[in-house]
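Understanding the architecture of this molecule
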Amino acid sequence: AMSDDVTVTYATVAGRFADQPGGTTSQGYMHSIVADYAVSDSLQYIFQSDVLSTENPTGATARETFGINQYLIKTLSDCWAVGARFEYYNNEGVFTAQAAGTDSDIYALTLGANYKPHANVTVRPEIRFDWDDDQIAGLEDGADQTTFGIDTIFTF
């Protein structure tokens, strides 16, 4: 922790990945940096940055991605918290229909709540808005979607 109010975490991985269709491997590097700032006793801001760089077995670039996530979480009571997350993701080479060197920028805004009816139970409903403004081969330019999700976490 940098102070009582700020925590920064760095994580990285590098090596061979067996993640290509047909079983071919790629090699590369990924890192994440997460900064967590307690704005007040009831308001938390989180900033996350992710970088992924991989190349195929011939040494050509397979993926060059970069993402930024920002969270704002407001604690309302011992049982309730509400939050918002905004994500930006540049995903060059991630989709199989997309050639390396072709950028696509994806955005998402998520609004949700955490409800804790018990110390070991958290219910998390959310609504998420996703959109892009670039052409990916085979997909509509400027596509968007809205989804609703809910999950429950039991800890023991």
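Residues numbered from 1 in each chain as written. Predicted model: local features only at pLDDT ≥ 70, side-chain atom pairs only at ≥ 80, totals over all residues. Heavy atoms only, no water.

1. Structural notes on the pattern of salt bridges
Any two side chains of opposite charge can pair if their charged atoms end up close together. What counts here: For this analysis, a salt bridge means a side-chain nitrogen from Lys or Arg found within 4 Å of a carboxyl oxygen belonging to Asp or Glu. Only DSSP runs of H or I covering at least 4 residues are called helices, and only runs of E covering at least 2 are called strands; the numbering of each starts at the N terminus. The buried label goes to any residue with under 20% of its type's maximum accessible area, the exposed label to any with over 50%, and the partly exposed label to all in between, with areas taken from a 1.4 Å probe on protein chains only.
Counting across every chain of the model gives 4 salt bridges. R128 is the salt-bridge partner of E87, the closest N and O atoms lying 3.6 Å from each other. Of this pair, E87 sits in strand β5 (residues 80-92) while R128 sits in strand β7 (residues 121-132), placing them 41 residues apart in sequence. Its relative accessible area of 18% is what places E87 among the buried residues.

2. Comments concerning a nonpolar patch on the surface
To keep things clear, this is the line we draw: What goes into a patch is any residue over 30% in relative accessible area without a salt bridge, connected to like charges within 9 Å or, for nonpolar side chains (Val, Leu, Ile, Met, Phe, Trp, Tyr), within 5 Å. Surface exposure here means Shrake-Rupley accessible area, sampled with a 1.4 Å probe, where a residue is shielded only by the protein chains that are shown.
A grouping of L76, W80, V82 and Y115 is seen on the molecular surface, where their side chains present a nonpolar patch of about 360 Å² in accessible area. By secondary structure assignment, the location of L76 is in the loop between β4 (61-75) and β5.

3. What to know about the side chain of T110
For clarity, the threshold we go by: Throughout, a contact is declared for two residues whenever any of their heavy atoms are within 4.5 Å.
By the secondary structure assignment, T110 is in strand β6 (residues 105-118). With a relative accessible area of 4%, T110 lands in the buried category. Residue contacts for T110: discarding those within four places in its chain leaves G83, A84, R85, E87, E126, I127 and R128.

4. Structural notes on the side chain of R85
Using the following cut-off: N or O atoms within 3.5 Å of each other form a polar contact, as long as, within protein, one can give a hydrogen and the other can take it, and as long as residues adjacent in sequence are counted only when both atoms are side-chain atoms.
Its place among the elements puts R85 in strand β5. At 2.9 Å, the side chain of R85 forms a polar contact with the side chain of E87. Aside from chain neighbours lying at most four places away, what touches R85 is Q70, Y71, A108, L109, T110, E126 and R128.

5. Notes on the environment of Y115
Mapping Y115 onto the fold places it in strand β6. With a relative accessible area of 31%, Y115 lands in the partly exposed category. Sequence separation between Y115 and S77 is 38 residues; the distance between their C-alpha atoms is 9.6 Å. Among all residues touching Y115, those that are not within four sequence positions of it are C79, W80, V121, T122 and V123.

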